[in-house]
Amino acid sequence: MSFFKNIWAFRQLRCRRALVRQSSAILACGLLTTIPNAFLSCSKKSPINTAVEQKNTVVEPIETTTRSAKIDFDLTKMSATMIYSTIFDMLIMPEDYVEKNIKVKGWFEVYTNPETAELFYAVVVPDATACCQQGLEFIWPGDHHYPADFPELGSDITVTGRYKLIDKDGFTYNYLEASNVEF
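Residues numbered from 1 in each chain as written. Predicted model: local features only at pLDDT ≥ 70, side-chain atom pairs only at ≥ 80, totals over all residues. Heavy atoms only, no water.

A look at the environment of Leu-176
Here is step 1: Relative to the helices and strands, Leu-176 is located in strand E7 (residues 171-182).
Here is step 2: Measuring from C-alpha to C-alpha, the distance between Leu-176 and Val-159 comes to 8.3 Å, with 17 residues separating the pair along the chain.
Here is step 3: Beyond its immediate sequence surroundings of up to four residues, Leu-176 is in contact with Ile-102, Val-104, Leu-136, Glu-137, Phe-138, Ile-139, Val-159, Gly-161, Arg-162 and Tyr-163. (Helix = DSSP H or I, 4+ residues; strand = E, 2+ residues; numbered from the N terminus. Contact = heavy atoms within 4.5 Å.)

Okay, here's the thing in structure tokens:
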């Protein structure tokens, strides 16, 4: 029983650290499951330096096609609870996943920004009880046009790509830069 208490305490500590690092109150642990993921993939830049530190690791060049590249996080081999938890962690601690190759399977969704009519593509994964969902936005580089080159809404999709962070208009956004999309 104390093992689970320690894990819960560690998780709470990580969430508190995330709140210190990020100036947005939206990252409070209890709020994340009630706010659409479209709002969770970004956070306001804090005055604290948010640069990713290299922790004495050797970075090997990764080929542009992930079929032959090493997959750092293969979410397709995890249980529903672990997939949901990992994606949740990617949203609150994105710096731990930057430039990692990730493979995830879920269903395909499209979201539209009502102000700009810009389309956003996501792979959505439910938790084990199917009451909650987490999603990852993906950008598929190349000459792909919606709806002709994409699957039907709600259909199964597997996306493999590199986890990216970009700064835009004072906000940091995270997404998967897809190198392979299977449907």
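Observations concerning the pattern of salt bridges
Where charged atoms from two side chains of opposite charge approach closely, those side chains can pair.
Here is step 1: Scanning the entire structure with this criterion turns up four salt bridges.
Here is step 2: When the shortest N-O distance is used, the salt bridge between Lys-70 and Asp-72 registers 3.1 Å.
Here is step 3: Accessibility expressed as a relative area gives 60% for Lys-70, which makes it exposed.
Here is step 4: Measuring nitrogen to oxygen at the nearest pair gives 3.1 Å for the salt bridge that ties Glu-99 to Arg-162. A residue pair is termed long-range when its members are at least 10 positions apart, and Glu-99 in the loop between helix H3 (80-92) and strand E3 (101-112) and Arg-162 in strand E6 (residues 156-168) qualify at 63 residues.
Here is step 5: Looking at Glu-99, the relative accessible area reads 33%, which means it is partly exposed. (Salt bridge = Lys/Arg side-chain N within 4 Å of Asp/Glu carboxyl O. Buried < 20%, exposed > 50% of the residue type's maximum accessible area, 1.4 Å probe, protein only.)

Re the pairing of strand E5 (residues 133-139)
Regular strands show a simple pattern: their side chains alternate between the two faces of the sheet.
Here is step 1: Burial within E5 is extensive, with five of its seven residues counted as buried.
Here is step 2: Bridging between strand E4 (residues 119-126) and E5 involves six bridges; their strand directions are antiparallel. When the sheet's bridge partners are listed, Ala-122 is paired in E5 with Glu-137.
Here is step 3: Taking the residues between adjacent antiparallel strands as the criterion, E4 and E5 are bridged by six residues, where Ala-130 takes a positive phi near 60°.
Here is step 4: Examined bridge by bridge, E5 and E7 share two bridges and lie parallel to one another. Opposite Ile-139, over in E7, you have Glu-177 as the bridge partner. (Pairing = 2+ DSSP bridges.)

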